[in-house]
Amino acid sequence: MRFGITTTFTVLTVTALLIAIGCAGSAASQNENAAAAAQSTPVPAATKNASMTAGETSTAAVSDELFDGKKIVKTDADWRKQLSPEQYYVLREEGTERPYTGELNDNKEVGDYHCAACKLKLFSSKTKYDSETGWPSFYQPINKKNVTEKPEKAGDDRIEVECARCGSHLGHVFDDGPEPTGLRYCMNSLALKFEKAK
Ligand code: FE
């Protein structure tokens, strides 16, 4: 009889434990379901951009490292407001600065060269060399995606180089550069903004 009571007590205890574990598991599972539901609930567009005024464009995801395919388009008036007359002439009118006048021609500091109009990263000091032409020269861009190369106007067989993101004129590329590419990206100093490595 005594043996029977102990067995019954043990069975009851084990059953109670199993129920408790079952409940805990169920509670955890409910919590997981609630979390998953919260994650999959779409956030209304109005909430995402609540802090932005009409016409404003979010720049949070814009990277200056690699052209993401989203072009920057501005009116001529806006470019004139943003750029100096000399920069406007080179960047927006495909002008060429006089050789040996650009401040970046002799720059030997370590860092990166960005588009002076939209800040997209274009060249690294690692690929800069002295071409003895009077213009900052590089043997390759940071990434081919960041520049657009296209034939110059009719009657001119030079290849023009533009910023891929804002379409600004940067210079030309020639095939008389050093190894490893054999290319010479002949850039206008006015078209570039240098950022020293930190
Ligand atoms: Fe640009």
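The numbers attached to residues start from 1 for each chain and follow its sequence in the written order. Note on the predicted model: pLDDT of at least 70 is required for a residue's local features to be given, and 80 or more for side-chain atom pairs to be given and counted; whole-chain, interface and lining totals, by contrast, use all residues.

## Focus: the confidence of the model for the protein
Here is step 1 of the chain: Residue-level pLDDT values for the protein average 79, and 69% of them are 70 or greater.
Here is step 2 of the chain: Confidence scores per residue from the predictor, reported as pLDDT, run from 0 to 100. Contacts are defined on C-beta atoms placed from the backbone: any two residues whose C-beta positions lie within 7 Å are in contact. In this model residues 1-59 is a low-confidence stretch, pLDDT under 50, and it forms 2 contacts with partners more than four residues away in sequence or in other chains.

## Quick look at the sheet that holds strand β4 (residues 137-138)
Here is step 1 of the chain: Two strands qualify as a pair provided DSSP detects at least 2 bridges between them. For the purposes of this entry, the term helix denotes a DSSP run of H or I that reaches at least four residues, the term strand denotes a run of E that reaches at least two, and both are numbered from the N terminus. Overall, antiparallel pairing links the 6 strands, which are arranged β3-β4-β8-β7-β6-β5 in an open sheet. Among the strands making up the open sheet, the edge pair consists of β3 (128-129) and β5 (147-151).
Here is step 2 of the chain: As paired strands, strand β7 (residues 169-174) and strand β8 (residues 184-187) are joined by 4 bridges and run antiparallel to one another. The residue of β8 that forms the bridge with G171 is M187.

## A few points about the nonpolar core
Here is step 1 of the chain: Formed by 29 residues in total, the largest nonpolar core has its most connected members in C115, L122, C163, Y185, M187 and A191.
Here is step 2 of the chain: For this core, the secondary-structure elements that each account for two or more residues are α4 (85-91), β1 (111-115), β2 (121-124), β6 (159-163), β7 and β8.
Here is step 3 of the chain: The element that contributes the greatest number of residues to this core is β8, accounting for 3 residues.
Here is step 4 of the chain: Here L122 is in contact with Y113, H114, C115, P141, I142, N146, V147, C163 and L192, once residues within four sequence places are set aside. A set of buried Ala, Val, Leu, Ile, Met, Phe, Trp, Tyr and Cys residues, joined to one another through C-beta atoms within 7 Å, is what we call a nonpolar core. Comment: burial labels come from other C-beta atoms within 10 Å of the residue's own C-beta, placed from the backbone, where a count of 20 or more is buried, 12 or fewer is exposed, and between is partly exposed.

## With respect to the sheet that holds β2
Here is step 1 of the chain: Taken together, the 3 strands give an open sheet; going across it, the order is β2-β1-β9, and neighbouring strands pair in antiparallel fashion. Lying at the two open borders of the sheet, with one neighbouring strand each, are β2 and β9 (192-196). On average, each strand axis in the sheet is inclined to that of its neighbour by 30°, with strand direction left out of account. Every angle, taken between N-to-C directions, lies between 0 and 180 degrees, and every axis is a line fitted to C-alpha atoms, over only the stretch in contact when it is a helix.

## As for unusual backbone geometry
Here is step 1 of the chain: Going from E179 to P180, the amide bond is cis rather than trans, its omega being 10°.
Here is step 2 of the chain: In the Ramachandran plot, K119 falls in the positive-phi region, its phi being about 75° despite a non-glycine side chain.
Here is step 3 of the chain: Checked against the element boundaries, K119 lands in the loop between β1 and β2.
Here is step 4 of the chain: According to the C-beta neighbour criterion, K119 is partly exposed, with 16 such atoms within 10 Å.
Here is step 5 of the chain: In the Ramachandran plot, E132 falls in the positive-phi region, its phi being about 60° despite a non-glycine side chain.
Here is step 6 of the chain: Look at E132 and you get exposed, because 8 C-beta atoms sit within 10 Å.

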